[in-house]
Amino acid sequence: MNYSSAVSPPFTELFVHIFQAFLHYRLTKMAQGILEEVLMNTALVEDLAEVAKDEALLQGVVMRTRETPNSSELVTYTPLTLFPTSVPKAVFLQALAVQTHYNTLVDRISQDSDFLKEALASTIEVDDFTARLFRIYQQILKEGRSQSIVLGLNRSDYMLDQRDDGTSSLKQIEINTIAACFGGLSSRTPDVHRHVLKVAGRLEESQHILDNNPAAGLAQGIAKAWELYGSERAVIVFLVEENPEIFDHRYVEKELWKRNIRSIRRRFDDVSRTGSLDQDKRLFIDGLEVAVVYFRTGFMPQNYTTEQSWDVRLMMECSRAVKCPDISTHLAGTKKVQQVLARPGVLEKFFPDQPQAVELIRATFAGLYTLDMGPEGDKTVAMALAEPDRFVLKPQREGGGNNIYGSEICQVLEAVKDSTERTAYILMDKIHPAPVHNYLLRRDAPLKMSTCLSELGVFGAYVRRGEDMVMNECVGHLLRTKSSEHSDGGVAAGVAVLDNPLLI
Ligand code: ADP
Ligand code: MG
């Protein structure tokens, strides 16, 4: 099944309804069939696991190993599930449909300095990292932006909250406006699961795994920004960390090379040594003019190993290169902004004439609560202390493993509840997806059936020049699955693994 055919509207409604009902019945049976018959057949599972690992290597679902993290001498498959995971088609399509509105929302927030200042005022009092980013933002506001081209590449992440009646509703976990990853590798996983299902004798299900190619869409955005920048010689810089998920980047690079656009890879350190601005604020690195800086690092404090890293961030921000993201778009993706957006009337302000967009976005919000000083924040504290298991406590951090759950929420809140330190966090309703059984394939881990939870990500790409949105698209998806033993942590953190939705 290809991406556009899954997204396009029906042509004869009655026929489609009947067909969908039939398909739903068939696929539900099939998905259950996998569980009942294949999942329990140990010998078959062991065979399929080998098939899946080999196919992952054949398809390029690969990563470097810890033995050679900085070279591709030793590579292994990227951890992935043995089987795809059933996802209700209606909820999947809802996530795709809301993406362009999320793109617009992030872009509008990034242009609203009054909003960003007010939303982040309490956070930057106590959170040094956000404060540091905010200082760069203020400097840009003072000096004025030197580039009117904006490139946004984001990924909105969701879990499917299980309702009492057995249906599920799409709830946003967060939106990543910087360094959203796995758009490359996720373009190669569909063929792995198709192959596994075929070998398992599940030909029909194998045809219900969607094509997916976020890397192409992300590169399309980068290429558009490069074209608007308007210099044939200028390059794209991938700003990277020490041991990056390199193959994931390579897919995006390859898509750029297909268009004869040159990209280079540099760390903060490299740019610190060889980067500079000319009189017109054009950014040069190693003598090459830079059209677009694509941040694949810079989202957490540890990425800024020296003061020079911060100087580089500021220099890039001041330059005429297109930044993906620029500092205001980075700040628009903070968890504090997410919480403020959930307040009554805030979305309406960003979509004054588009009640439908407001409705679509708001439908994906889980409960989000302020911890600002004052009666409302006090109420949040009391609520969390009374029933900590209902919530997740989140600091302003990215990259997995930072959230606080259960009794630890009480420990943390008891310690900070009477001081402004509490405003470094937000509180969120905990989402409860339906657990399913699967096998998580990971090097060095024994093959065993796990109870799993999944998270669906949707990639968005947009380009604006001045007032004109010249591109605004949903460009693909990502399904990640983890054992339900872990409440937090992504693929990079070694907890979640790559997966594919099997639409039912
Ligand atoms: P990060 O920026 O570190 O990725 P997230 O908000 O995405 O932070 O949270 C990390 C992980 O914690 C998610 O991938 C998800 O597994 C879990 N998580 C986050 N928020 C919730 C929530 N409201 N309910 C249940 N699990 C959550
Ligand atoms: Mg996340």
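This structure is a prediction, so every number in the text was calculated from the model and none was measured.

K.L.:
Help me understand the overall build of the protein in this model?
P.N.:
A tally of regular secondary structure across the protein gives 18 helices and 21 strands. Over its C-alpha atoms the protein spans a radius of gyration of 23 Å, differing by no more than 12% from the 23 Å that the globule rule assigns to 504 residues. Seen through its principal axes, the protein has C-alpha atoms that stretch 65 × 55 × 50 Å. Sorting the 504 residues of the protein into buried and exposed places 56% on the buried side. For the protein, restricting intrachain contacts to residue pairs at least 6 apart in sequence, the fraction spanning at least 24 positions comes to 74%. For the protein, the accessible area works out to roughly 21,500 Å², and carbon and sulfur atoms hold 50% of it. In the protein, 55 side chains carry a positive charge and 67 a negative one; their mean positions are 3 Å apart.

K.L.:
Can you walk me through the pairing of strand β17 (residues 436-441) in this structure?
P.N.:
Along a regular strand, successive side chains alternate from one face of the sheet to the other. Relative to β17, strand β3 (residues 80-81) runs antiparallel, the two being bridged by 2 bridges. Within the sheet, the bridge partner assigned to L80 lies in β17 and is L441. Two strands pair when backbone bridges link them, and β17 and strand β18 (residues 449-465) are joined in this way by 4 bridges, in the antiparallel orientation. Paired with Y439 across the two strands is M449, which belongs to β18.

K.L.:
Where do I start with the site of ligand 1 in this structure?
P.N.:
Around ligand 1 there are 20 residues in total, and K335, K394, G400, I431 and E455 lie nearest to it. I431 places a polar main-chain atom, nitrogen or oxygen, 2.8 Å from a nitrogen atom of ligand 1. Between ligand 1 and the protein, one listed contact pairs an oxygen atom with a side-chain N or O atom of E455 at 2.5 Å. Those elements that provide at least two residues to the shell around ligand 1 are β6 (168-176), β14 (391-395) and β16 (425-429). Taken together, the residues of the shell around ligand 1 sort by class into 6 nonpolar, 4 polar and 10 charged. Built from parts of two domains, the shell around ligand 1 gets at least three residues from each of domain 2 (46-364 + 454-503) and domain 3 (367-430).

K.L.:
What is the right way to look at empty space enclosed by the protein in this model?
P.N.:
Here the idea is plain: a probe the size of a water molecule rolls over the atoms and shows the empty space left. In this structure the tally under the stated criterion is 3 cavities of 30 Å³ or more. For the largest cavity, the calculated volume is near 120 Å³. Among the elements of the structure, β5 (149-162), β12 (322-324) and α13 (327-332) are those that each provide at least two residues to the lining of the largest cavity. Looking at the lining of the largest cavity, its residues break down into 6 nonpolar, 3 polar and 4 charged. Considering the residues around the second largest cavity, the lining is formed by Y102, L105, V106, I109, Q172, I175, A332, G333, T334, V337, Q338 and L341. Contributing elements (two or more residues each) for the lining of the second largest cavity: α4 (89-110), β6 and α14 (335-341). With 4 residues, α4 is the single largest residue contributor to the lining of the second largest cavity. In the lining of the second largest cavity, the residues fall into 8 nonpolar, 4 polar and no charged.

K.L.:
Before we go on, may I ask you to explain the side chain of T329 in this structure?
P.N.:
Relative to the helices and strands, T329 resides in helix α13. Discounting residues that sit within four places of it in the chain, T329 has contacts with V106, S110, T177 and Y462.

K.L.:
For this particular structure, what's the right way to read the domain arrangement of the protein?
P.N.:
Many authors give the size of an interface as the accessible area that is lost as the parts come together. Here the protein is described as being made up of domain 1 (9-40), domain 2 (46-364 + 454-503) and domain 3 (367-430). Each of domain 2 and domain 3 has a C-alpha centre, and the two are 26 Å apart. Opposite the 24 residues of domain 2 that make contact, domain 3 presents 22 residues. Our enumeration of links across domain 2 and domain 3 arrives at 4 salt bridges. We note a salt bridge from D372 to K336, for which the minimum N-O separation is 3.2 Å. Linking domain 2 with domain 3 are 12 residue pairs in polar contact (both at pLDDT 80 or more), by the criterion used here.

K.L.:
Is there a simple way to explain the packing of helix α6 (residues 128-143) against helix α12 (residues 307-318) in this structure?
P.N.:
When two helices pack together, you describe them by how their axes are tilted relative to each other and by the distance separating the axes. One way to put it is that α6 packs onto α12 with a least axis distance of 10 Å and a crossing angle of 35°. Crossing of α6 against α12: the hand is right-handed. From α6, F129, R132, L133, I136, Q139, I140 and E143 reach across to α12, where they touch E307, W310, R313, L314, E317 and C318.

K.L.:
What is the right way to read the nonpolar core from this model?
P.N.:
Counting residues in hydrophobic clusters, the biggest one holds 67 residues, and the most contacted among them are L105, I109, F115 and L341. Ranked by residue count, the leading element in this core is α4, at 9 residues. Aside from chain neighbours lying at most four places away, what touches L341 is L105, I109, F115, V346, L347, F350 and F365. A56, F83, L256 and L478 belong to the second-largest nonpolar core, a separate cluster that totals 60 residues.

K.L.:
Before we go on, may I ask you to explain the packing of helix α17 (residues 375-386) against helix α18 (residues 407-416) in this structure?
P.N.:
Axis separation between α17 and α18 bottoms out at 9 Å; the angle between their running directions is 145°. Here the hand of the crossing between α17 and α18 comes out left-handed. Residue-level contacts link V381, A384 and L385 of α17 to I409, C410, L413 and E414 of α18. Along the lines of polarity and charge, the residues of the contact of α17 with α18 split into 6 nonpolar, no polar and 1 charged.

K.L.:
Would you mind going over unusual backbone geometry with me for this structure?
P.N.:
For residues other than glycine, phi is negative in most cases, and the peptide bonds are mostly trans. The linkage connecting C324 with the following residue, P325, adopts the cis geometry, with an omega of 5°. If you trace the backbone, P325 turns up in the loop between β12 and α13. If you check the backbone angles, F182 has positive phi at about 75° while not being a glycine. Among the structural elements, F182 can be located in the loop between β6 and α7 (189-199). What makes F182 buried here is its relative accessible area of 2%. Located in the positive-phi region is D286, a residue other than glycine, with phi close to 50°. Structurally, D286 is set in the loop between β10 (283-285) and β11 (288-295).

K.L.:
How should I be thinking about the state of the cysteines in this particular structure?
P.N.:
Any covalent bond linking the sulfur atoms of two cysteines counts as a disulfide. Scanning the entire structure with this criterion turns up 0 disulfides. This cysteine, C324, is not joined by any disulfide, and C181 carries the nearest cysteine sulfur, 13 Å off.

Rules behind the numbers
Residues numbered from 1 in each chain as written. Chains lettered and ligands numbered in written order. Predicted model: local features only at pLDDT ≥ 70, side-chain atom pairs only at ≥ 80, totals over all residues. Heavy atoms only, no water. Helix = DSSP H or I, 4+ residues; strand = E, 2+ residues; numbered from the N terminus. Rg over C-alpha atoms; globule rule 2.2 N^0.38 Å. Buried < 20%, exposed > 50% of the residue type's maximum accessible area, 1.4 Å probe, protein only. Contact = heavy atoms within 4.5 Å. Areas by Shrake-Rupley, 256 points an atom, 1.4 Å probe, with all protein chains shown as cover. Lys, Arg positive; Asp, Glu negative; His and termini not counted. Charge placed at Lys NZ, Arg CZ, Asp CG, Glu CD. Pairing = 2+ DSSP bridges. Near = heavy atom within 4 Å. Polar contact = N/O pair within 3.5 Å; in protein donor to acceptor, adjacent residues only side chain to side chain. Nonpolar A, V, L, I, M, F, W, Y, C, P; charged D, E, K, R; others polar. Domains from an automatic or database assignment. 1 Å grid on protein atoms, 1.4 Å probe; cavity = no way out; pocket = protein on both sides within 12 Å on 5 of 7 lines; lining within 4 Å. Points joined across faces, edges and corners; volume = space filled by probe spheres on them. Salt bridge = Lys/Arg side-chain N within 4 Å of Asp/Glu carboxyl O. Axes fitted to C-alpha atoms, helices over the stretch in contact; angles between N-to-C directions. Left-handed = near helix turned anticlockwise from the far one by under 90°. Core = buried A, V, L, I, M, F, W, Y, C linked by side-chain atoms within 4.5 Å. Disulfide = S-S within 2.5 Å.

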